[in-house]
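Residue-level structure breakdown
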There are 2 protein chains.
Amino acid sequence: MNLQNEVLDKRRLVRLKQIKEVLKLYLQKKNYRNTPERYMILEEIYLLDGHFNVDDLYLIMLNKKYHVSKATIYNTIEMFLDAGLIRRHQFGEKNNISTSYEKSYFDMQHDHLVIYKQGSDREIVEIIEFCDPRIQQIKTSIAEAFGVEIENHSLYLYAHRKNES
Amino acid sequence: MNLQNEVLDKRRLVRLKQIKEVLKLYLQKKNYRNTPERYMILEEIYLLDGHFNVDDLYLIMLNKKYHVSKATIYNTIEMFLDAGLIRRHQFGEKNNISTSYEKSYFDMQHDHLVIYKQGSDREIVEIIEFCDPRIQQIKTSIAEAFGVEIENHSLYLYAHRKNES
DNA sequence: TTCATTGCAAAGCGTTTGCAGTCAC
DNA sequence: GTGACTGCAAACGCTTTGCAATGAA
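A quick note: this is a predicted structure, and the numbers were derived from the prediction, not measured.

On to the packing of helix H2 (residues 36–47) of chain A against helix H3 (residues 54–63) of chain A, then. All names here are of chain A. Remark: H2 packs on H3, axes separated minimally by 11 Å, with the N-to-C direction vectors making an angle of 105 degrees. Our classification of the angle between H2 and H3 gives roughly perpendicular. Packed against H2, whose contacting residues are Met 40, Ile 41, Glu 44 and Ile 45, the element H3 presents Leu 57, Ile 60 and Met 61 at the interface. Among the residues forming the contact of H2 with H3, the class breakdown is 6 nonpolar, no polar and 1 charged.

See below:
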């Protein structure tokens, strides 16, 4: 068990190093500067599990040693999106639409099953990630049918738990 | 040609009458009041083709005889969503995410292919509606796999036109 | 030294809220 | 007559912007 955790921690560190390398190359290519803020924000995002929003990130970094302004976080997130280091999500369909993000570099593209609390159309109790190959088939068909190149997609399924009876 | 237009206009009028009946029944069931504003907004939405946002609707109604406040439009749209009379969309993925709506009563559920201007990740040039049966299959599989009831989904494909060369 | 980047505070913008007046029932 | 609904203006929350100060190259 301890050994397993050690292995996981080691892998996490290796990945942190890799992802910073990816950022470095991106900054180089774009002729942007290597600021410590950018690397700290990237590190924080890649230490996080699951989804986060700008405020989450801001507060987490406040509680640690490193203070970064929200303006910088917004700018940096925009850049990371462009770099493909993170993805943006809009969970919630009715209203209470909230923007969140997740790291994307090591993960495969996946979609989301959003489960609402019983009797509510707004309160989300769980978000499950899934991957179905048929979505790729759809993309291929539609790309061919309309003569376009599809770079990207977003699929959300909205559900409630089945009534146990 | 004239005859054809007349037929189309007649059909449109019949549908307007039908959809107002649907609203009336909904209001009855929910014990809400039959205000002229609600019927005017519904009529305006069902005369429109394609997608609209709150501001569009507000301005269109200003330019006609009927003035309705934005607060009322927001309230009413919330109600229409609940009634299933309209659907909400969030087009645009990177940023410039904008909320829009479309009538939904007579249309079948469909998905959207969002085409960006060449070289831009933000400027949308066209939104094509499509319908692929495989999405239904995915919903059925996922519902079964996770033991949930899927009420709804949203699928957007993001694309650029192919380079003609 | 230079200019991209940061941080702060102010501005923007779409949406919501509070409340007084209105009108459906 | 009563309370649901409307309209207005103010408030809200998230995001962007302007600008002076900083620090990477």
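What follows deals with the protein's contact with DNA strand C. Near DNA strand C you find 16 residues, and of these Arg 33, Thr 35 and Thr 72 of chain A together with Asn 34 and Tyr 74 of chain B are the closest. Here a phosphate oxygen of DNA strand C and a side-chain polar atom of Thr 72 of chain A are 2.7 Å apart. In this structure, a phosphate oxygen belonging to DNA strand C sits 2.8 Å away from a main-chain N or O atom of Asn 34 of chain B. Looking at the surface near DNA strand C, the elements with two or more residues in it are H2 and helix H4 (70–83) of chain A together with helix H4 (70–83) of chain B. Broken down by class, the residue content of the surface near DNA strand C amounts to 6 nonpolar, 6 polar and 4 charged.

Within the secondary structure layout, Asn 31 of chain B lies in the loop between helix H1 (2–30) and helix H2 (36–47). A relative accessible area of 69% means that Asn 31 of chain B is categorised as exposed.

Once that is clear, we can look at the relation of the copies chain B and chain A. Superposition of chain B onto chain A requires a rotation of 180 degrees combined with a translation of 0.0 Å along the rotation axis, giving an RMSD of 0.1 Å. In the structure described here, the two chain copies are related by an operation that fits a two-fold rotation axis. Every residue of chain B has its C-alpha some distance from the rotation axis, and the shortest such distance is that of Leu 155 of chain B, at 2.2 Å. Here 100% of the interface residues in chain B have copies in chain A that are interface residues too; the copies meet face to matching face.

Glancing now at H4 of chain A. Helical geometry note: an α-helix holds 3.6 residues per turn, so side chains three or four residues apart project in the same direction. All names here are of chain A. With 14 residues, H4 extends 20 Å from end C-alpha to end C-alpha; this agrees with the ideal 20 Å at 1.5 Å per step. Within H4 the residues assigned to the buried category are Ile 73, Thr 76, Ile 77, Met 79, Phe 80 and Leu 81. Following H4 by one or two positions, Gly 84 adopts a phi angle in the positive range, close to 75 degrees.

Now for the side chain of Asp 132 of chain A. Its location among the elements puts Asp 132 of chain A in the loop between strand S4 (124–130) and helix H5 (133–146). Looking at Asp 132 of chain A, its side chain comes within polar contact range of the main-chain nitrogen of Arg 134 of chain A, at 2.8 Å.

Moving on, we get to the sheet that holds strand S5 (residues 148–161) of chain A. On the basis of which strands lie adjacent, the open sheet formed by 6 strands has the order S4(A)-S3(A)-S5(A)-S5(B)-S3(B)-S4(B) and mixed pairing. In this open sheet, the two edge strands, each paired with only one partner strand, are S4 of chain A together with strand S4 (124–130) of chain B. Taking each pair of neighbouring strands and ignoring which way they run, the sheet shows an average axis angle of 20 degrees. As judged from the 6 bridges shared by strand S3 (residues 111–116) of chain A and S4 of chain A, these two strands associate in the antiparallel manner. Along S4 of chain A, the bridge assignment pairs Leu 113 of chain A with Ile 128 of chain A. Its contacts with the sheet place H5 of chain A against S3 and S5 of chain A together with strand S3 (111–116), S4 and strand S5 (148–161) of chain B, and it is angled at close to 135 degrees to S5 of chain A. Here helix H5 (residues 133–146) of chain B sits on the sheet in contact with S3, S4 and S5 of chain A together with S3 and S5 of chain B, set at roughly 135 degrees to S5 of chain B.

A word on the interface of chain B and chain A. Counting residues at the interface gives 38 residues for chain B, matched by 38 residues for chain A. Buried surface at the junction of chain B and chain A, summed over both partners, amounts to about 3600 Å²; 61% is from carbon and sulfur atoms. Our count for the chain B to chain A interface comes out at 0 salt bridges. Counting across the chain B and chain A interface gives 12 residue pairs in polar contact (both at pLDDT 80 or more). Listed by contribution, the elements that provide at least two residues to the side of chain B that touches chain A are H4, strand S1 (86–91), S3, S4, H5 and S5 of chain B. Among the elements that take part in the side of chain B that touches chain A, S5 of chain B stands out by supplying 14 residues, more than any other. Residue composition of the side of chain B that touches chain A, grouped by class: 17 nonpolar, 9 polar and 12 charged. Two elements, S5 of chain A and S5 of chain B, share 13 bridges in a ladder whose sense is antiparallel. Note on S5 of chain B: the bridge partner recorded for Ile 150 of chain A is Ala 159 of chain B.

Scoring rules and cut-offs
- The residue numbering used here restarts from 1 in each chain and proceeds along that chain's sequence as written.
- For this description, chains carry letters from A and ligands carry numbers from 1, given in the order in which they are written.
- Per-residue local features of the predicted model are confined to residues with pLDDT of at least 70, and side-chain atom pairs are confined, for both listing and counting, to 80 or more; whole-chain, interface and lining totals are unaffected and use all residues.
- Here the side-chain values reflect all heavy atoms present in the structure, with hydrogen atoms and water set aside.
- Whenever a helix is involved, its axis is fitted only over the stretch in contact; in every case the axis is a line through C-alpha atoms, and angles between N-to-C directions fall within 0 to 180 degrees.
- The helix count covers DSSP runs of H or I at least four residues long, the strand count covers runs of E at least two residues long, and both are numbered beginning at the N terminus.
- Our angle categories are set so that under 35 degrees counts as roughly parallel, over 145 as roughly antiparallel, 65 to 115 as roughly perpendicular, and the remainder as oblique.
- Contact between two residues is taken to exist if any of their heavy atoms lie within 4.5 Å; hydrogens are not considered.
- Three residue categories are used. Nonpolar comprises Ala, Val, Leu, Ile, Met, Phe, Trp, Tyr, Cys and Pro, charged comprises Asp, Glu, Lys and Arg, and polar comprises the others, including Gly.
- The rule for a residue being near a molecule or strand is that one of its heavy atoms must lie within 4 Å of it.
- Each polar contact in these results corresponds to two N or O atoms within 3.5 Å; when the atoms are within protein, one needs to be able to donate a hydrogen and the other to accept it, and residues that are neighboring in sequence are counted only if both atoms are side-chain atoms.
- For the exposure calls, accessible area comes from a 1.4 Å probe over protein chains only, and a residue counts as buried if that area is under 20% of its type's maximum, exposed if over 50%, partly exposed in between.
- We superpose the copies by least squares over the C-alpha atoms of residues that have a pLDDT of at least 70 in both of them.
- What a helix should span is 1.5 Å times the count of its residues minus one.
- Being paired, for any two strands, means DSSP has found at least two bridges between them.
- Throughout, the accessible surface (probe 1.4 Å) given up by two parts as they are put together, summed over both, is called the buried area.
- When a carboxyl oxygen of Asp or Glu lies within 4 Å of a side-chain nitrogen of Lys or Arg, that pair is called a salt bridge.

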